[in-house]
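One letter stands for each residue in the lines below.
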Amino acid sequence: MVNLVAGGAGFIGSHLCKKLLEKNEQVLCVDNFYTGKKDNIKDLLNNSKFELVRHDITFPLYLEVDRIYNLACPASPKQYEKNPVQTLKTSVHGSINLLGLSKRLNARILQSSTSEVYGDPLESPQREEYFGNVNPIGSRSCYDEGKRCAETLFNDYHKQHGVEVKIMRIFNTYGPNMDVDDGRVISNFIIQALKGESLTIYGDGQQTRCFCYINDLIEGMLDFMNTDKSFIGPMNVGNDEEETMLSIAEKIINLAKSKSKIIFLDPVEDDPRQRKPDLSLAKKKINWNPKVPLEAGLLRTIEYFKSVI
């Protein structure tokens, strides 16, 4: 099996590439290195079943593969707000190009969508049937609406052309290979704690998130990709144990044995107050549940960041 992993040098993509190689499958890692890092895949470069292709998926690509995983898109506000037009192009033009490739090759394709399609939700937990509460012209819209449009494209290619698609809505995920400077909650807090700096919380700290360790997410992704072709999703994958930003900050200070303090800054525009997946569909369709406890995952992630800063 030859797998194309778009965004394969990114945080999630690099873990997917590694897991596929462990299963003795071939991997074509495609990345333009806008946010992906060669360090994330340096241990894979000497593997004869791994090939790196530097390419921007907003331009057509011509490869021969059996399966396609689309993980190519900046995924944190700090990253995608630098170039919102390119972020939107990656979700829309990139999806069109990969879906065209999938159609030509009759290759199954998975879209890594996001919990951000729910926006600032008016219901919790978020079910796949919920249409969301999204600002179409806010600072995060390039990502939120880009991913929503990509889901539409995947669904329509399936209905109109019979393309075998899988749409996976990924909730907050953390672990090794996160970018030191990507601006996400877990990485921000850990870096600040390890450096002895104050941990910065935007708002009152009572907004909630659920954090899934990367290994659990990858298992869910591979299980979903292997489901019957009639089941296309969308399907939530994440952790459903809710934590406030304040409690996460306190846990990280404790686990990192840091003397850092916590400070509160002005809220961020369109920052969701609550984020919690309904995992009923994942449990029913792929018998999937996250296994790694939060503290265990945080300790592994802290050790990773100790090694890179």
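Please read these numbers as outputs of a predicted model, since none were measured by experiment.

**A short note on helix α9 (residues 294-308)**
Next, step 1: With 15 residues, α9 should reach 21 Å at 1.5 Å per residue; the first-to-last C-alpha distance of 21 Å fits that figure.
Next, step 2: Buried within α9 are the following residues: L294, G297, L298, T301, I302, Y304 and F305. Down the axis of α9, the buried side of the element spans an arc of 160°, and every buried residue falls inside it.
Next, step 3: On its buried side, α9 packs onto β7 (173-174), α5 (185-194), β10 (212-213), β12 (242-244) and α7 (245-255).

**Digging into the layout of surface pockets**
Where empty space is left can be seen by rolling a probe of water-molecule size over the atoms.
Next, step 1: In this model, the second largest pocket occupies a volume close to 560 Å³.
Next, step 2: The leading source of residues in the lining of the second largest pocket is helix α1 (residues 11-22), at five residues.
Next, step 3: Across the lining of the second largest pocket, the residue classes break down as nine nonpolar, five polar and nine charged.

**Brief notes about the pairing of strand β1 (residues 2-6)**
Two faces belong to every sheet, and in a regular strand the side chains alternate between them.
Next, step 1: Extensive coverage of β1 is indicated by the burial of five of its five residues.
Next, step 2: Across the two faces of β1 the burial is the same, with V2, L4 and A6 and N3 and V5 all buried.
Next, step 3: Direction of pairing for β1 relative to strand β2 (residues 26-31): parallel, over a ladder of five bridges. Paired with V2 across the two strands is Q26, which belongs to β2.
Next, step 4: Handedness of the β-α-β unit built from β1, α1 and β2 comes out right-handed.

**With respect to the sheet that holds strand β3 (residues 50-54)**
Next, step 1: Taking strand neighbours across the sheet as the criterion, the seven strands line up as β3-β2-β1-β4-β5-β6-β11 in an open arrangement whose pairing is parallel. Of all strands in the sheet, those with a lone pairing partner are β3 and β11 (235-237), marking the two edges. Strand-to-strand, the axes of this sheet are offset by a mean angle of 20°, without reference to chain direction.
Next, step 2: Lying over the sheet, helix α4 (residues 141-161) contacts β5 (108-114) and β6 (165-170), oriented at roughly 155° with respect to β5.

**A look at the nonpolar core**
Next, step 1: With 58 residues, the main nonpolar core has I12, L16, Y69 and M221 as its most contacted residues.
Next, step 2: With seven residues, the single largest contributor to this core is helix α6 (residues 214-225).
Next, step 3: Filtering out sequence-adjacent residues up to four positions away, L16 remains in contact with V5, Y69, L71, I218, M221 and L222.
Next, step 4: Listed in part, the 25 residues of the second largest apolar core include V2, A72, L99 and Y157.

**Focus on the pattern of salt bridges**
Next, step 1: Evaluation of the coordinates by the stated rule reveals 17 salt bridges.
Next, step 2: The salt bridge involving R104 is made with E64; its shortest N-O contact spans 3.4 Å. Residue R104 is found in helix α3 (residues 84-105), and its partner E64 is found in the loop between β3 and β4 (67-70); the two are separated by 40 residues along the sequence.
Next, step 3: A salt bridge links R273 to D204; the shortest N-O distance between them is 3.2 Å. Of this pair, R273 sits in the loop between β13 (262-265) and α8 (280-286) while D204 sits in the loop between β8 (199-202) and β9 (208-210), placing them 69 residues apart in sequence.
Next, step 4: The class of D204 is partly exposed, set by a relative accessible area of 41%.

**Let's talk about unusual backbone geometry**
Next, step 1: Following S124, the chain continues to P125 via a peptide bond in cis, the omega torsion being -5°.
Next, step 2: Relative to the helices and strands, P125 resides in the loop between β5 and α4.
Next, step 3: Backbone torsion omega between G233 and P234 reads 5°, so that peptide bond is classified as cis.
Next, step 4: Of note, N24 is a non-glycine position whose phi angle comes to about 65°, a positive value.
Next, step 5: For N24, a relative accessible area of 56% puts it in the exposed group.
Next, step 6: Located in the positive-phi region is F33, a residue other than glycine, with phi close to 60°.
Next, step 7: Take F33: it is sitting in the loop between β2 and β3.

The rules behind the values
Residues numbered from 1 in each chain as written. Predicted model: local features only at pLDDT ≥ 70, side-chain atom pairs only at ≥ 80, totals over all residues. Heavy atoms only, no water. Helix = DSSP H or I, 4+ residues; strand = E, 2+ residues; numbered from the N terminus. Expected span 1.5 Å × (residues − 1). Buried < 20%, exposed > 50% of the residue type's maximum accessible area, 1.4 Å probe, protein only. Arc of directions from axis to C-beta. Contact = heavy atoms within 4.5 Å. 1 Å grid on protein atoms, 1.4 Å probe; cavity = no way out; pocket = protein on both sides within 12 Å on 5 of 7 lines; lining within 4 Å. Points joined across faces, edges and corners; volume = space filled by probe spheres on them. Nonpolar A, V, L, I, M, F, W, Y, C, P; charged D, E, K, R; others polar. Pairing = 2+ DSSP bridges. Right-handed = clockwise from strand over helix to strand, strands pointing away. Axes fitted to C-alpha atoms, helices over the stretch in contact; angles between N-to-C directions. Core = buried A, V, L, I, M, F, W, Y, C linked by side-chain atoms within 4.5 Å. Salt bridge = Lys/Arg side-chain N within 4 Å of Asp/Glu carboxyl O.

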